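Observations on chain architecture
For reference, the chains in residue letters:
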Amino acid sequence: AQSVAQPEDQVNVAEGNPLTVKCTYSVSGNPYLFWYVQYPNRGLQFLLKYITGDNLVKGSYGFEAEFNKSQTSFHLKKPSALVSDSALYFCAVRDLRSAGNMLTFGGGTRLMVKP
Amino acid sequence: EAGVAQSPRYKIIEKRQSVAFWCNPISGHATLYWYQQILGQGPKLLIQFQNNGVVDDSQLPKDRFSAERLKGVDSTLKIQPAKLEDSAVYLCASSSGGAGAPHTQYFGPGTRLTVL
């Protein structure tokens, strides 16, 4: 079975400050990991993914994430937050061994960036 | 490149009625997914198609939910009869490549269903 935990329901940060949104995962084999963002009344937008290779993954809109196998984490980061980054963020995992491409999503973390 | 299209965007029905949602994936994407997103939760996969075949429907409540992708392009998800707990946003996604490949899934805007 595969699972994802996003321990924080909400993260508050001031504009210009660095931000981190946490994600930990559990899979039987090696993971594929994804981050998506959801704006109000819109579908999920892909930010970045880790498949293999460099543990630091760079994605859209200046976001990056670091894969840490020993801590089973894949935290999303950005050096300088913008008010427009305020949205709902979802981490997702797929077990390399699963036959399909089924993603298991975390419960989401609401990011609030204040001016 | 056009994204994933879904219709309708909003639907309100009474319990025990039936409802259908439509999805047209990104052109050329062989794999199509339907997710259910209940308010305050992350999306949950209902069914995955590879072309016109079902890859995974283990989480689809088959007593009331059905889905088809007859020609391997667009897809329809139906609920009959609807229950109050079916109130959610139904998201369609598509990806290129085979069913087992870790290709990125691209999501449509969703259909918000309210069951009264």
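Up top you'll find the structure we're talking about.
Here's a quick rundown of the structure. (Residues numbered from 1 in each chain as written. Chains lettered and ligands numbered in written order. Predicted model: local features only at pLDDT ≥ 70, side-chain atom pairs only at ≥ 80, totals over all residues. Heavy atoms only, no water.)

1. Description of the state of the cysteines
Residue and element names in this part refer to chain A. Rule in force here: Disulfides are defined as cysteine sulfur pairs within 2.5 Å. A helix here means a DSSP run of H or I that spans at least four residues, while a strand means a run of E at least two residues long, and both kinds are numbered starting from the N terminus.
For the structure shown, the criterion picks out two disulfides over all chains. The disulfide partner of Cys23 is Cys91, and the S-S distance across this bridge is 2.0 Å. The S-S bond linking Cys23 to Cys91 shows a torsion near -60°; that makes this disulfide left-handed. With Cys23 in the loop between β3 (19-21) and β4 (24-26) and Cys91 in strand β10 (residues 87-95), this pair connects stretches of sequence that are 68 residues apart.

2. Some details on the interface of chain B and chain A
Inclusion rule: Pairs of residues are marked as contacts when any of their non-hydrogen atoms sit within 4.5 Å. Summed over both partners, the accessible surface that disappears when two parts come together, traced with a 1.4 Å probe, is what is meant by buried area. Each reported salt bridge corresponds to a side-chain nitrogen of Lys or Arg within 4 Å of a carboxyl oxygen of Asp or Glu. Pairing of N or O atoms within 3.5 Å defines a polar contact, subject to two protein rules: one partner must be a possible hydrogen donor and the other a possible acceptor, and residues neighboring in sequence count only if both atoms are side-chain atoms.
Listed as interface residues are 27 residues of chain B and, on the opposing side, 21 residues of chain A. The junction of chain B with chain A conceals about 1700 Å² of combined surface from both sides, 51% of it contributed by carbon and sulfur atoms. There are zero salt bridges connecting chain B and chain A. One can count three residue pairs in polar contact (both at pLDDT 80 or more) joining chain B with chain A. Residue assignment for the side of chain B that touches chain A shows that the elements contributing at least two residues are β4 (31-37), β5 (44-50), β6 (53-56) and β9 (88-95) of chain B. It is β4(B) that provides the largest number of residues to the side of chain B that touches chain A, a total of three residues.

3. Here's the deal with the sheet that holds strand β7 (residues 65-68) of chain B
Working definition: the strands of a sheet are paired by backbone hydrogen bonds and lie parallel or antiparallel to each other. All names here are of chain B. Threshold: The criterion for strand pairing is that DSSP finds at least two bridges linking the strands in question. Angles shown run from 0 to 180 degrees and are taken between the N-to-C directions of axes, each axis being a line fitted to C-alpha atoms and, for helices, limited to the stretch in contact.
Spatial strand order, β1-β3-β8-β7: four strands in an open sheet with antiparallel pairing. Strands at the two margins of the open sheet, each flanked by one partner only, are β1 (5-7) and β7. Ignoring which end each strand starts from, the neighbouring axes of this sheet average 15° apart. Alignment of strand β3 (residues 19-24) against strand β8 (residues 75-79), held across five bridges, turns out to be antiparallel.

4. A closer look at the pairing of β10(A)
Residue and element names in this part refer to chain A. Going by this rule: Working definition: with a 1.4 Å probe on protein chains only, accessible area under 20% of the residue-type maximum means buried, over 50% means exposed, and in between means partly exposed.
For β10, the buried fraction is high: nine of the nine residues fall into the buried class. In the sheet, strand β5 (residues 31-38) pairs with β10 via eight bridges, with the strands oriented antiparallel. Along β10, the bridge assignment pairs Phe34 with Ala92. Bridge analysis of β10 against strand β12 (residues 109-114) gives three bridges, and the strand direction is antiparallel. Paired with Leu88 across the two strands is Arg110, which belongs to β12. Bridging between β10 and strand β11 (residues 104-105) involves two bridges; their strand directions are antiparallel. By the bridge assignment, Ala92 is partnered in β11 with Phe105.

5. Description of the environment of A:Leu48
Residues and elements named next belong to chain A. Here Leu48 is to be found in strand β6 (residues 44-50). A relative accessible area of 1% means that Leu48 is categorised as buried. When the C-alpha positions of Leu48 and Phe34 are compared, they lie 5.9 Å apart, and in sequence the two are 14 residues distant. Residues in contact with Leu48, not counting those within four places in the same chain, are Leu33, Phe34, Trp35, Val57, Lys58, Gly59, Phe63, Glu64, Ala65, Phe74 and Leu76.

6. Brief notes about the pattern of salt bridges
Where charged atoms from two side chains of opposite charge approach closely, those side chains can pair. Residue and element names in this part refer to chain A. Under the counting rule described, the total for this entry stands at five salt bridges over all chains. The partner of Lys58 in a salt bridge is Glu64, and the shortest N-O contact between them spans 2.9 Å. Residue Glu64 is classed as buried on the basis of its relative accessible area, which comes to 19%. Two residues, Asp85 and Lys78, come together in a salt bridge whose shortest N-O distance is 2.8 Å. Residue class for Asp85 comes out buried when judged on its relative accessible area of 4%. Given the relative accessible area of 8%, Lys78 is considered buried.

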